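Next come the chains, spelled out residue by residue.
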Amino acid sequence: MRKSLFRKYLLLISVIVFGSFIIMGAIFFVSMSNYWVGDKLDNLKENVETIAAYVGNKTVKTADNSYELPVEAQTFAVAFSQSAQADVFIAGKDGTIIFCSEQTNCNHIGKKVPEVTMAVAMKGAYNGVGKLGGLYSEEHYVVGTPLYFLEDTGENKVIGAAFIASSAGSFTMFKQDM
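Below: a short report on this structure. Each chain carries its own residue numbering, running from 1 in the written order of its sequence. For this predicted model, a pLDDT threshold of at least 70 governs which residues receive local features, and a threshold of 80 or more governs which side-chain atom pairs are given and counted, while totals over whole chains, interfaces and linings are taken from all residues. Where side-chain values are given, they derive from all heavy atoms of the structure, hydrogens and water being excluded.

Describing the packing of aromatic side chains
In step 1: Aromatic rings from Phe, Tyr and Trp, with only the six-membered ring used for Trp, were paired whenever their centres fell within 6.5 Å, and each pair was classed as stacked if the ring planes differed by under 30 degrees, edge-to-face if by over 60, and tilted otherwise. Applying the stated rule across the entire model yields four aromatic pairs.
In step 2: Between F76 and F80 the ring centres are 5.4 Å apart and the planes differ by 50°, which places this aromatic pair in the tilted class. With F76 and F80 both in helix α2 (residues 71–84), this residue pair falls four residues apart, about one helical turn.
In step 3: Ring centres of F89 and F163 lie 5.4 Å apart, and the angle between their planes is 20°; this geometry places the pair in the stacked category. With F89 in strand β3 (residues 87–92) and F163 in strand β7 (residues 156–167), this pair connects stretches of sequence that are 74 residues apart. Across this residue pair, the class does not change: F89 and F163 are buried.
In step 4: An aromatic cluster of at least three residues, connected via ring pairs, comprises Y54, F76 and F80. Helix and strand definitions here come from DSSP, where helices need a minimum of 4 consecutive H or I residues and strands a minimum of 2 consecutive E residues; each element is numbered from the N-terminal end. Categorising residues by exposure relies on relative accessible area from a 1.4 Å probe, with only protein chains included: less than 20% of the type maximum marks a residue as buried, more than 50% marks it as exposed, and the intermediate range marks it as partly exposed.

So, in structure tokens, the structure goes:
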């Protein structure tokens, strides 16, 4: 009788310990996933704010009251894009993409960022995961921020938005490695 009671308790304790490890593993996985996504979005936000500030400072107002991105600002955005392993693009107030870091291979130039995304980005900051209204064929982490131009009056005027997008496929690979 003792043998069977001992085995029952051993089996019960073993199941509880094993179940606890499974639950703890799942909690750890979810926590790491959330941390990784948050860290990725924070990093992208920091990058796009730096790009927007630099491009906004270098933007030139032309005689016809339009705005022009000098080559220096474009070169900076391309270099930043390569180091961040992400796409950088600038959209005018109407959402039309006027600059893309992919340059000659870019199929984004002339396309429009969705109105809702532009409205949120121009009010302060946009971040999300998606295909950005069909601009991408696969999911991307996308962060946008307003692009300001300092007028002669000293007023900061929103003239568009800067976006940075990184493939969400890297997160899928991260989950598979775990």
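Now that the structure has been shown, we can carry on.
Examining the sheet that holds β7
In step 1: Taking strand neighbours across the sheet as the criterion, the five strands line up as β4-β3-β7-β6-β5 in an open arrangement whose pairing is antiparallel. Each having just a single partner strand, β4 (97–100) and β5 (126–130) make up the two edges of the open sheet. Here the average twist between neighbouring strands, direction ignored, is 25°.
In step 2: A pair of strands is considered paired only if DSSP assigns at least 2 bridges between the two. As paired elements, β3 and β7 share six bridges and run antiparallel to each other. Each residue of the ladder has a partner; that of D87, found in β7, is A165.
In step 3: What makes two residues a contact is simply this: any of their non-hydrogen atoms within 4.5 Å. Note on geometry: axes are lines fitted to C-alpha atoms, helical ones only across the stretch in contact, with angles between N-to-C directions running from 0 to 180 degrees. Strand contacts of helix α3 (residues 115–123): β3, β5, β6 (140–150) and β7, with the helix running at about 115° to β7, the strand carrying the most contacts.

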